[in-house]
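# Residue-level structure breakdown
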Amino acid sequence: MTELLFREDAYLRSCDATVVAVHGDAVELDRTVFYPLGGGQPGDTGTIGPWRVLDTRKGEAADSVLHMLEPGATPAPGMKLAAAIDWERRHRHMRLHTALHLLGAVVRAPVTGGRIAEDKAHLDFDVEMEALSKEQIEARLNALIEERHETRSAWISGAELDARPELVKTMSVAPPRSEGAVRLLEIPGVDLQACGGTHVRNTSEIGRLAVARIRSEGRHNKRVTLVFA
Ligand SMILES: [Zn+2]
């Protein structure tokens, strides 16, 4: 099992690690700062030793992480290497991921999907188009950002989560469970959600946002897309 360092400290940019397994171009480490694709957030890129990491995915076992190396890399079990993420890219993911928590608090409707990229992010809501005002959403989001809300994570048991279904707002994304426990992201007074992603410490770090567009993607999917202003 890989020690997921990003889960306790999303600001860690690098770590020393030992290769524990190699599957073709994918390596597993004993510990990692690389976030694997999940919950709408892309997998990290970066370097492990002399090689580029092109993408990061979850492995089959719980808490296993596959670092997809550039073709031609020659890692071997037992190698001790430095692992470093592309921090600028990850930090943008953290800002936009935290922004989606705010968006979910501003638009009071069931969330049917979501996705984060480096320069934009969206949530899909099961709601009527008339209920979504670009100006209003933008104003409320930026107010929450300027109010400098702290964020923090906590853990609860899977049984506790099952008893509190309101903690899972995104119906299509089941939160990851680690040894029966589920991670919560709390923005006190604003939002409380089961979430395994990486977030900024304070909403002010997101920076000013704009609503790029609001578009219907189907009867139950009204998509609100955010960009950095
Ligand atoms: Zn999150």
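Structure shown above.
Description of the structure in this document. (Residues numbered from 1 in each chain as written. Predicted model: local features only at pLDDT ≥ 70, side-chain atom pairs only at ≥ 80, totals over all residues. Heavy atoms only, no water.)

In this section: helix 3 (residues 134-146). Note: α-helices contain 3.6 residues per turn, so residues at a spacing of three or four share the same orientation. Compared with an ideal rise of 1.5 Å per residue, which puts 13 residues at 18 Å, helix 3 spans 18 Å between its outermost C-alpha atoms and is within 8% of the ideal. Of the positions making up helix 3, those classed as buried are Ile137, Leu141, Asn142, Leu144 and Ile145. In an axial view of helix 3, the angular spread of the buried residues amounts to 155 degrees, which keeps them on one side of the axis. The exposed set on the far side of helix 3, more than 90 degrees from its buried face, consists of Glu135 and Glu146. (Helix = DSSP H or I, 4+ residues; strand = E, 2+ residues; numbered from the N terminus. Expected span 1.5 Å × (residues − 1). Buried < 20%, exposed > 50% of the residue type's maximum accessible area, 1.4 Å probe, protein only. Arc of directions from axis to C-beta.)

Our focus in this paragraph is the packing of helix 2 (residues 87-106) against helix 3. Two elements in contact, helix 2 and helix 3, have axes separated by 10 Å at closest approach and are oriented at 125 degrees. Regarding the angle of helix 2 to helix 3, the classification is oblique. Here helix 2 and helix 3 pass one another in a crossing that is right-handed. Mapping the contact onto sequence places Ala99, Leu102, Leu103 and Val106 in helix 2 and Ile137, Arg140, Leu141, Leu144 and Ile145 in helix 3. Its residues assigned to classes, the contact of helix 2 with helix 3 shows 8 nonpolar, no polar and 1 charged. (Axes fitted to C-alpha atoms, helices over the stretch in contact; angles between N-to-C directions. Parallel < 35°, antiparallel > 145°, perpendicular 65-115°, else oblique. Left-handed = near helix turned anticlockwise from the far one by under 90°. Contact = heavy atoms within 4.5 Å. Nonpolar A, V, L, I, M, F, W, Y, C, P; charged D, E, K, R; others polar.)

Take the coordination of the zinc ion next. Donor atoms from the polypeptide that coordinate the zinc ion comprise His97 (NE2), His101 (NE2), Cys195 (SG) and His199 (NE2), at 2.0 to 2.1 Å from the metal. Given 4 donor atoms and angles of 99 to 124 degrees at the metal, the environment of the zinc ion is assigned as tetrahedral. For the zinc ion, the donor residues sit on a single chain with the sequence spacing H-x3-H-x93-C-x3-H. With histidine 101 in helix 2 and histidine 199 in the loop between strand 14 (191-194) and strand 15 (209-216), this pair connects stretches of sequence that are 98 residues apart. Exposure remark for histidine 199: the relative accessible area of 7% places this residue in the buried category. (Donors = N, O, S within 2.8 Å, 3.2 Å for Na, K, Ca; no water. Tetrahedral: all angles 85-135°; square planar, octahedral: opposite > 155°, others 65-115°.)

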